[in-house]
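For reference, the chains in residue letters:
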Amino acid sequence: MSGGGGGDETWRKQPKPTGNPGTPNDPCAIDEITTLNSPNRSVLATLGVGHILNLVLELGPPRRLLARTVSGQTAGSITSPSLPQIIGCIQSGVSYQLEVLTLRGAVCQVRISKS
């Protein structure tokens, strides 16, 4: 019979690190690229690559995440696999911005990140 023993306890699970804002474990530190849905062509015509839009939660129904210019015009909305997470973070006080990466007609690609 083999005996277990020995004092080697390296098999024990290590605790998971907890997240602090600004660390990779921060659930609100989202950096994602997506395309605007339902784009407003007249607003997009005023934008260029590098412009920054605000991401605003509209409670609805339905709840939507809107891309708005500094003057409050809606350029479009976003959908994302992280949508529930982003909504929760906005509701807890986190703000996000969208940087225009590409703009071709009514197709506008943006990067979502914390502001």
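**Student:** Explain the overall build of the protein here, please?
**Tutor:** For the protein, the count of helices and strands is 2 helices and 6 strands. When the helices and strands of the protein are placed in sequence order, the string is β-α-β-β-β-α-β-β. Counting every position in the protein, which comprises 115 residues, the buried fraction comes to 31%. Of all intrachain contacts in the protein linking residues separated by at least 6 positions in sequence, the fraction that spans at least 24 positions is 57%. Surface exposure of the protein reaches about 7,500 Å², of which carbon and sulfur atoms provide 53%.

**Student:** So what exactly am I meant to see when it comes to the pattern of salt bridges here?
**Tutor:** Think of it this way: side chains of opposite charge can pair up when their charged atoms draw near. Under the counting rule described, the total for this entry stands at 3 salt bridges. Salt-bridge contacts for D26 lead to K114; the nearest nitrogen and oxygen are separated by 2.8 Å. Here K114 lies in strand β6 (residues 107-114) and D26 lies in the segment before β1 (32-35), a separation of 88 residues in the sequence. When the shortest N-O distance is used, the salt bridge between E58 and R64 registers 2.8 Å. When its relative accessible area of 38% is taken as the criterion, R64 is described as partly exposed.

**Student:** Before we go on, may I ask you to explain the environment of S71 in this structure?
**Tutor:** Within the secondary structure, S71 is located in the loop between β3 (64-68) and β4 (74-78). Between the alpha carbons of S71 and N54 there is a distance of 10.0 Å; along the sequence they are 17 residues apart.

**Student:** What exactly am I supposed to notice about helix α2 (residues 83-91) here?
**Tutor:** For an α-helix the count is 3.6 residues per turn, leaving residues at separations of three or four pointing the same way. If you check which residues of α2 are buried, you get I86, I87, C89 and I90. When α2 is viewed along its axis, its buried side chains cluster within an angular range of 165 degrees and face the same direction. Residues of α2 that are buried in the fold lie against β2 (52-58), β3, β5 (96-104) and β6. Of the residues trailing α2, G93 is marked for its positive phi of about 105 degrees.

**Student:** Can you help me understand unusual backbone geometry in this one?
**Tutor:** Peptide bonds are trans in most cases, and residues, glycine excluded, mostly fall at negative phi. Note that the residue after G60, namely P61, is joined by a cis bond; omega there is 20 degrees. Between P61 and the following residue, P62, the backbone shows a cis peptide bond with an omega angle of -10 degrees. In this structure, P62 sits in the loop between β2 and β3.

**Student:** It is not clear to me how the sheet that holds β5 should be interpreted in this structure. Could you clarify?
**Tutor:** Strands belonging to one sheet form pairs held by backbone hydrogen bonds; the direction of such a pair is parallel or antiparallel. In space, the 6 strands of this open sheet follow the order β1-β6-β5-β2-β3-β4, with antiparallel pairing throughout. Lying at the two open borders of the sheet, with one neighbouring strand each, are β1 and β4. The average angle at which neighbouring strand axes cross in this sheet is 35 degrees, direction not considered. Pairing between β5 and β6: 8 bridges, direction antiparallel. Across the sheet, residue T102 finds its bridge partner in β6, namely Q109. The strands touched by α2 within the sheet are β2, β3, β4, β5 and β6, with β2 carrying the most contacts at an inclination of about 90 degrees.

Criteria and cut-off values
- Residues numbered from 1 in each chain as written.
- Predicted model: local features only at pLDDT ≥ 70, side-chain atom pairs only at ≥ 80, totals over all residues.
- Heavy atoms only, no water.
- Helix = DSSP H or I, 4+ residues; strand = E, 2+ residues; numbered from the N terminus.
- Buried < 20%, exposed > 50% of the residue type's maximum accessible area, 1.4 Å probe, protein only.
- Contact = heavy atoms within 4.5 Å.
- Areas by Shrake-Rupley, 256 points an atom, 1.4 Å probe, with all protein chains shown as cover.
- Salt bridge = Lys/Arg side-chain N within 4 Å of Asp/Glu carboxyl O.
- Arc of directions from axis to C-beta.
- Pairing = 2+ DSSP bridges.
- Axes fitted to C-alpha atoms, helices over the stretch in contact; angles between N-to-C directions.

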